Amino acid sequence: MLQEDFRTSAAAIQLTLTGTMIGFALGQLIVGPLSDKVGRRIPLLSVTALHVLASFAAALAPSLELLSGARVAMGMGAAAGGVVAMAIVRDLFGGRRLVVMLSRLALVSGVAPVIAPLIGSALLSVMSWRGIFVVLAVYGAVMLISAIALLPETLPRARRHDRGATTVLQRYQSVFRDRVFIGVLIIGAMTFSGLFSYLSASSFLFQVTHGLNAQEYGVLFAVNSIGVVVGVQTASRLAARFGPPWMLAFSTAALFVAAVAIILTDQLGLGLWGTVVPLFFFMTACGFTFPCVQVLALDRHGKAAGTAASVLGACNFGVAGLISPVVGWIARDAGITATTMASVMVGCAAIGVLALWLIVRPRTAGRLAP
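If you had to explain the pattern of salt bridges to someone new, which residues and values would you point to?
Side-chain pairs of opposite charge can arise where the charged atoms are in close proximity. This structure, assessed with the given rule, holds two salt bridges. The closest approach of N and O atoms between Asp-36 and Arg-40, which form a salt bridge, is 2.9 Å. Residue Asp-36 is classed as buried on the basis of its relative accessible area of 1%. You can call Arg-40 buried: its relative accessible area is 1%. By sharing partners, the salt bridges in this structure join Asp-36, Arg-40 and Asp-91 into a single network.

Report on the packing of aromatic side chains, specifying residues and quantitative values.
What the rule picks out here adds up to 13 aromatic pairs. Residues Trp-129 and Phe-133 carry aromatic rings whose centres are separated by 5.9 Å and whose planes lie at 85 degrees to one another, so their mutual orientation is edge-to-face. Of the two residues, Trp-129 and Phe-133 both sit in helix H6 (residues 129-150), four residues apart, roughly one turn of that helix. Per residue, the accessibility class of Trp-129 equals that of Phe-133, and both read buried. A network of ring pairs unites the aromatic residues Phe-24, Phe-192, Phe-196, Phe-290 and Phe-317 as a single cluster.

Got a sec to walk through the packing of helix H7 (residues 168-176) against helix H12 (residues 305-323)? Specific residues and values, please.
At a minimum axis distance of 9 Å, the contact between H7 and H12 shows a crossing angle of 65 degrees. The two elements H7 and H12 cross, and the hand of that crossing is right-handed. Here Arg-171, Tyr-172, Val-175 and Phe-176 of H7 lie close against H12, whose contacting residues are Thr-307, Ala-308, Ser-310 and Val-311.

Lay out helix H14 (residues 338-360) in plain terms, naming residues and giving numbers.
In this model, H14 (23 residues) spans 31 Å end to end at C-alpha, consistent with the 33 Å of a helix rising 1.5 Å per residue. Once H14 ends, the next one or two residues include Arg-361, with phi positive near 55 degrees.

Scoring rules and cut-offs
Residues numbered from 1 in each chain as written. Predicted model: local features only at pLDDT ≥ 70, side-chain atom pairs only at ≥ 80, totals over all residues. Heavy atoms only, no water. Salt bridge = Lys/Arg side-chain N within 4 Å of Asp/Glu carboxyl O. Buried < 20%, exposed > 50% of the residue type's maximum accessible area, 1.4 Å probe, protein only. Phe/Tyr/Trp six-rings, centres within 6.5 Å; stacked < 30°, edge-to-face > 60°. Helix = DSSP H or I, 4+ residues; strand = E, 2+ residues; numbered from the N terminus. Axes fitted to C-alpha atoms, helices over the stretch in contact; angles between N-to-C directions. Left-handed = near helix turned anticlockwise from the far one by under 90°. Contact = heavy atoms within 4.5 Å. Expected span 1.5 Å × (residues − 1).

Structure follows, in structure tokens:
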């Protein structure tokens, strides 16, 4: 519909999505350090209001250029929620309780990319693309009103000026000098990239290659989202007992094994189920990984929680946005298959495994802060 309304190519329309991802990454890098400086509420409310206004602007955009600009602003506005939410959780909790609370947050951030296409498809069946932006604006307005009414400031003034964390540069230095943070940053980015590789290839793979209709494809998405839920909830219990580094030792290995299994079953000609079963385990391993990455990234940086959360989020989505199109590039001649999709997933998982053992080093990662 967008192509017809603006009389343009699919590639040009795809650039509007890229603009959203760019805005999302930039927004996180701005909002995170700002929230460490002035508190959590002001950046959250301001940028959420920007998202609402940008969504309405996108719904009314008369040209592709204005739509692209509005989507960049939407991305910047949407960035506040994830970054400030993680920082607020770190303000309020530490140690094992932080594991539980970030697991609940990771449940949302992990499941959202999986179910969002389903919600979008359902809305498109009853309204135009402009209506979807109106829905996003209304939803954002509800969230803004809820935050104004219910969300207190969680970062006391005294902590905004703690020694060694008073400037943006000092905060960035504190996180980038942390070996464990760098390691989990890589692991998180590679896990998200593997997930987005699946998301970018799944429609063609399952609907074109395997012939699933829209309803069957929707059921498959729902089942995979259950895998993420199971992984997140299980990780929250086990990580508090065994420690996040050792949970990552299990989950990164599981990601690699599941991705390799997808290639093997595809090469053996085991058909749809040969892909679906190991894919479910891959998604479950993603669920195990997300909360552990967040805990290790934030637990060590209570004074710069907003900055740490912003770097983590920007890296996750930025790297995933760059890597996920590689599936299409690999399959440009023969078409997308389970093997081409899983090849990227294997590469991402392998980098994650190496980052864990060479950079994080579970035996020396240390315990959670009290």
